[in-house]
Amino acid sequence: LIEECQLEELLLRLLCERIRWISDQVEQKARAKMELRKLSQAVEHSPSIVMITDRAGTIEYVNPKFSAITGWSSDESVGHTPQILDSGLTPREVYRVMWATIQSGAEWRGELRSRKKDGSLFWARCSISSIHDENGRLTHFVSVMEDITEYKQLQDELSRLATSDPLTGIANRRHFLNCANDEIKRSLRTGMPISVIMLDADHFKRINDTMGHAG
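In this report, we go over the structure that sits alongside the text. (Residues numbered from 1 in each chain as written. Predicted model: local features only at pLDDT ≥ 70, side-chain atom pairs only at ≥ 80, totals over all residues. Heavy atoms only, no water.)

1. Description of the pattern of salt bridges
Opposite charge on two side chains makes pairing possible when the charged atoms of those side chains draw close.
Part 1 of the argument: Evaluated as defined, the whole model comprises 8 salt bridges.
Part 2 of the argument: Between Arg96 and Glu93 there is a salt bridge; the shortest N-O distance is 2.7 Å. Placement of the pair is Arg96 and Glu93 together in helix H4 (residues 92-103), with a separation of 3 residues, close to one helical turn.
Part 3 of the argument: A relative accessible area of 43% means that Glu93 is categorised as partly exposed.
Part 4 of the argument: One network of salt bridges, in which partners are shared, links Glu111, Arg125 and Lys152. (Salt bridge = Lys/Arg side-chain N within 4 Å of Asp/Glu carboxyl O. Helix = DSSP H or I, 4+ residues; strand = E, 2+ residues; numbered from the N terminus. Buried < 20%, exposed > 50% of the residue type's maximum accessible area, 1.4 Å probe, protein only.)

What follows is the structure in structure tokens.
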């Protein structure tokens, strides 16, 4: 009788442990599903472009921001490669380095001149990472991009204002001095002489005073 009680107690303990193990597994799966759901929602509502490709570079997923910026819908993009965004203005060497970097397992960061579906251009700041399975095999690439077109335009405008005359659009003194400095260095390096031509515009000060200054 004692042995039977001990056996029942042992079975009951094992059963309780089994129930706790199953409960833990259910909770872990529930937590995993919740985390996956939160991650999915974060990607879907991300302010950045998110694109996932397989190891060959074929697009498997794009988020809504991708479609909003590029004009390419998810159905139009999936099954194609990121070449649908190629403007032809990014040097081929950039893509070669990018591909070699991500295939090695490292992260690539850079800026690309890309083209939307309607043909208009935009600048994208990209970060591309590789994904590996539990055995370390490369399976996918994840690309996160930001549209930095306005930032680039602002940079260009500031550069233009810093190196050109606001009235005529011609290069200003600062631009001339920069170019002159580069030419002097080149002359000293190569031993070749340089020439300077000075042109004068009569009465230009009057035009500049009346039209080139605020007020």
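2. Notes on the layout of surface pockets
Part 1 of the argument: Roughly 680 Å³ of volume is contained in the largest pocket.
Part 2 of the argument: The wall of the largest pocket is formed by 15 residues, among which Ile170, Ala171, Asn172, Arg173 and Leu199 lie closest to the centre.
Part 3 of the argument: Looking at the lining of the largest pocket, the elements with two or more residues in it are helix H6 (173-190) and helix H7 (204-211).
Part 4 of the argument: Split into classes, the residues belonging to the lining of the largest pocket amount to 9 nonpolar, 2 polar and 4 charged.
Part 5 of the argument: Quantified by volume, the second largest pocket comes out at close to 530 Å³.
Part 6 of the argument: Contributing to the lining of the second largest pocket are 21 residues, with Pro82, Gln83, Tyr95, Met98 and Trp99 lying nearest its centre.
Part 7 of the argument: Counting only elements with at least two residues in the lining of the second largest pocket, the list comes to strand E1 (49-54), H4, strand E3 (108-115), strand E4 (121-132) and strand E5 (138-147).
Part 8 of the argument: With 5 residues, H4 is the largest single contributor of residues to the lining of the second largest pocket.
Part 9 of the argument: Classifying every residue of the lining of the second largest pocket by side-chain character gives 13 nonpolar, 6 polar and 2 charged. (1 Å grid on protein atoms, 1.4 Å probe; cavity = no way out; pocket = protein on both sides within 12 Å on 5 of 7 lines; lining within 4 Å. Points joined across faces, edges and corners; volume = space filled by probe spheres on them. Nonpolar A, V, L, I, M, F, W, Y, C, P; charged D, E, K, R; others polar.)

3. Some words on the nonpolar core
Part 1 of the argument: Grouped together as the largest cluster of nonpolar side chains are 20 residues, with contacts concentrated most on Phe66, Trp108 and Met145.
Part 2 of the argument: Elements supplying a minimum of two residues to this core: E1, strand E2 (59-62), helix H2 (64-70), H4, E3, E4 and E5.
Part 3 of the argument: Ranked by residue count, the leading element in this core is E4, at 4 residues.
Part 4 of the argument: If we skip the residues at most four places from it in the chain, Met145 touches Ser48, Ile49, Met51, Leu85, Ala124, Arg125 and Cys126. (Core = buried A, V, L, I, M, F, W, Y, C linked by side-chain atoms within 4.5 Å. Contact = heavy atoms within 4.5 Å.)

Function-wise, these values are silent; they only describe arrangement.
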